[in-house]
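Spelled out from the first residue to the last, the chains are:
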Amino acid sequence: MIHHIVRKEFADMIRDGRFRWSAILVGSLLLVSLAHGWVQARKASQEHAAAQATTREHWETQGEKNPHSAAHYGVYAFKPRLALSFVDEGVDPFTGTSVWLEAHRQNDFLLRPAQDATAAQRIGALTAAQVLQHLVPLLIILLTFGAFASERERGTLRQLLATGVGWRELALGKALGASGALALLLVPAAVAGAAALVVANPGPTASPLARGAVLAGAYLAYFVVFLALSLAVSARARSSRTALVFLLAVWVVNGLVAPRVAVDLSKRVYPTPSAFEFARTVEREMADGVEDIAPPDRDESTERLLAEYGVERVEDLPINAVGVYLQESEEFGNRIFDRNYGALWDAFRRQGILQETLAAAAPSIAVRTLSMGLAGTDVEQHRHFAEAAETYRRDLMRQMNGDMTENSLTGDFSYAAGAELWESVPPLEYEAPPLGWVLGNRILSLAVLGAWLAGAVLLASAQVRRAEVA
């Protein structure tokens, strides 16, 4: 009996011109956004690779100069694109993808596409994630809002039940029929996405297919939530019009209102300074120090070295006192950076936790954070790369100052190193965090999405059992 119901529901939907045109529109947008995202991601990866090779060449061919001058010459570090970033750009357009590494400074990231984009461009930048999070649920609503309500209005619901079909079988058959129709849209997109993963550059991660599988599972759970909610409302509503209006209101709150409210509320509860305020604070603390972090004194540094080596003149030191002082200045700056950036990252983390908690009011928030995490474009993985780049910067400065300390005994900047030193500096080799690390940061989103799934299925089951025949 369930087989007949599924076949009947599937055939009715396929014959419905509204479904065909809606599916064609949403499917086309999904495939186009996937293709566009893949092309853009591939182009960005190629540009980043070329830029990384160029900045490496500039570093190795900078000529003879003092190592500390080379530290100020600096290098660029480019955040790599992971394989799934073509599905969800996440925060990358807003955070930037490259950073300038130089002495005495921890710089902000550059190349932020959202900074140069107009409002219309931001709205028009449709990604596959946006289609999956907003348009597919809308299509599910349009498919299923009349599943029970329309049958009741036409008087066919009583006839179906009179044939011996139970409520459970009827609901399951309608759900499977709608799922079959949706599969005609989603399966080709999933196949295209999997093919793109296979031929794409996987980036600095060894598990693109595993990430893709988990991402597909998250979106599948999200779609089942809307399917179950639609069936529950259709079983409860007295008319198909009422069911449609209510479900559209749910869709608007879930996709448009709740995410914005969550972001604004998290910023109000855990405020962060503006870029200008943050830069001024760091600059002031670098100049004056703060609490128990005092800037190094060159005379005190020299006196300590004289006492340590048991000599009376700077000229008698076996090392360069200036190089030692410069590294002490770097270490002081690092403590200031850790203090300020640590507080900033902590505020972002608290904002993220609050937003994930508010996913209890809208499953789109949970699936959005999961999507960005699995695509490698969330705040946590941006921080992971930023900290790796900063660690590389500090190692580079330590090596430059160390070479000056060990090999220059003149006490000034007349000493010059050459290509041998520049080539001894290894390039930045970034390794993205594994899948387990990503999911560990998204436990709350997984739990909330799972709760939504279980709650929606239970609600649908309860409403269908209590549905009125007429």
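Residues numbered from 1 in each chain as written. Predicted model: local features only at pLDDT ≥ 70, side-chain atom pairs only at ≥ 80, totals over all residues. Heavy atoms only, no water.

Engineer: Tell me about the overall build of the protein chain, and name the residues and values.
Structural biologist: Check the secondary structure of the protein chain and you find 20 helices and three strands. In terms of overall size, the protein chain is more extended than a compact globule, its C-alpha atoms giving a radius of gyration of 29 Å where 470 residues would be expected to give roughly 23 Å. Taken over the C-alpha atoms alone, the protein chain extends approximately 105 × 45 × 35 Å along its principal axes. Evaluated residue by residue, the protein chain yields a buried proportion of 47% over its 470 residues. Counting only carbon and sulfur atoms, one obtains 60% of the accessible surface of the protein chain, whose full area is about 23,400 Å². Side chains of the protein chain give 43 positive and 50 negative charges; the mean places of these two sets differ by 20 Å. (Helix = DSSP H or I, 4+ residues; strand = E, 2+ residues; numbered from the N terminus. Rg over C-alpha atoms; globule rule 2.2 N^0.38 Å. Buried < 20%, exposed > 50% of the residue type's maximum accessible area, 1.4 Å probe, protein only. Areas by Shrake-Rupley, 256 points an atom, 1.4 Å probe, with all protein chains shown as cover. Lys, Arg positive; Asp, Glu negative; His and termini not counted. Charge placed at Lys NZ, Arg CZ, Asp CG, Glu CD.)

Engineer: Go over the packing of helix H14 (residues 298–309) against helix H15 (residues 321–357) with me, naming the residues and quoting the values.
Structural biologist: One way to put it is that H14 packs onto H15 with a least axis distance of 10 Å and a crossing angle of 125°. With respect to their mutual orientation, H14 and H15 come out oblique. For the pair H14 and H15, the sense of crossing is right-handed. For the pair formed by H14 and H15, the contact residues are Arg298, Ser301, Thr302, Arg304 and Leu305 on the first element and Ala321, Val322, Val324, Tyr325 and Glu328 on the second. The residue inventory of the contact of H14 with H15, partitioned by class, reads five nonpolar, two polar and three charged. (Axes fitted to C-alpha atoms, helices over the stretch in contact; angles between N-to-C directions. Parallel < 35°, antiparallel > 145°, perpendicular 65-115°, else oblique. Left-handed = near helix turned anticlockwise from the far one by under 90°. Contact = heavy atoms within 4.5 Å. Nonpolar A, V, L, I, M, F, W, Y, C, P; charged D, E, K, R; others polar.)

Engineer: Now, about the nonpolar core: what can you tell me, with residues and values included?
Structural biologist: Core analysis: the biggest nonpolar cluster contains 58 residues, and Leu30, Phe148, Tyr219 and Phe223 have the highest contact counts within it. Ranked by residue count, the leading element in this core is helix H10 (residues 167–199), at 12 residues. Ignoring any residue separated from it by four or fewer positions in sequence, one finds Tyr219 in contact with Ala129, Leu132, Gln133, Val367 and Ser371. Phe385, Leu396, Met400 and Val425 belong to the second-largest nonpolar core, a separate cluster that totals 30 residues. (Core = buried A, V, L, I, M, F, W, Y, C linked by side-chain atoms within 4.5 Å.)

Engineer: Which residues make up the environment of Val263, and what values do they have?
Structural biologist: Checked against the element boundaries, Val263 lands in helix H12 (residues 240–269). Taking the C-alpha atoms as reference points, Val263 and Leu358, 95 residues apart in sequence, are found 9.7 Å from one another. If we ignore the near neighbours within four places in the chain, the residues touching Val263 are Gln355 and Arg368.

Engineer: I'd love a proper account of the pattern of salt bridges, names of residues and values included.
Structural biologist: Evaluation of the coordinates by the stated rule reveals 20 salt bridges. The salt bridge involving Arg313 is made with Asp316; its shortest N-O contact spans 3.2 Å. Look at Arg313 and you get partly exposed, because its relative accessible area is 47%. Residue Glu330 is joined to Arg393 by a salt bridge in which the shortest nitrogen-to-oxygen separation is 3.5 Å. Taken together, the residues Glu330 in helix H15 and Arg393 in helix H17 (residues 379–407) connect sequence positions 63 residues apart. (Salt bridge = Lys/Arg side-chain N within 4 Å of Asp/Glu carboxyl O.)

Engineer: Would you mind going over a nonpolar patch on the surface in detail, with residue names and values included?
Structural biologist: Taken together, Val252, Val253, Leu256, Val257, Val261, Leu265 and Val269 make up a surface patch of nonpolar side chains, about 520 Å² in accessible area. With respect to the helices and strands, the residue Val261 is situated in helix H12. (Patch = residues over 30% accessible without salt bridge, like charges linked within 9 Å, V, L, I, M, F, W, Y side chains within 5 Å.)

Engineer: Go over the packing of aromatic side chains, please, and point to the residues and values.
Structural biologist: Counted by the stated rule, this structure contains nine aromatic pairs. Centre to centre, the rings of Phe278 and Tyr341 are 4.9 Å apart; their planes meet at 80°, and the pair counts as edge-to-face. Placement of Phe278 in helix H13 (residues 275–288) and of Tyr341 in helix H15 is noted, with a sequence separation of 63 residues between them. Residue classification places Tyr341 among the buried positions, given a relative accessible area of 11%. When the centroid spacing of 6.0 Å and the interplanar angle of 70° are considered together, the rings of Trp345 and Phe348 count as edge-to-face. A residue pair is termed a helical-turn pair when its members lie 3 or 4 positions apart in one helix, as Trp345 and Phe348 do in helix H15 at three residues. Since its relative accessible area comes to 12%, Trp345 is described here as buried. For Phe348, a relative accessible area of 29% gives the class partly exposed. Here Lys65 stacks its cationic end above the ring of Tyr73, 4.1 Å away from the centre of that ring. (Phe/Tyr/Trp six-rings, centres within 6.5 Å; stacked < 30°, edge-to-face > 60°. Lys NZ or Arg CZ within 6 Å of the ring centre and 35° of its normal.)

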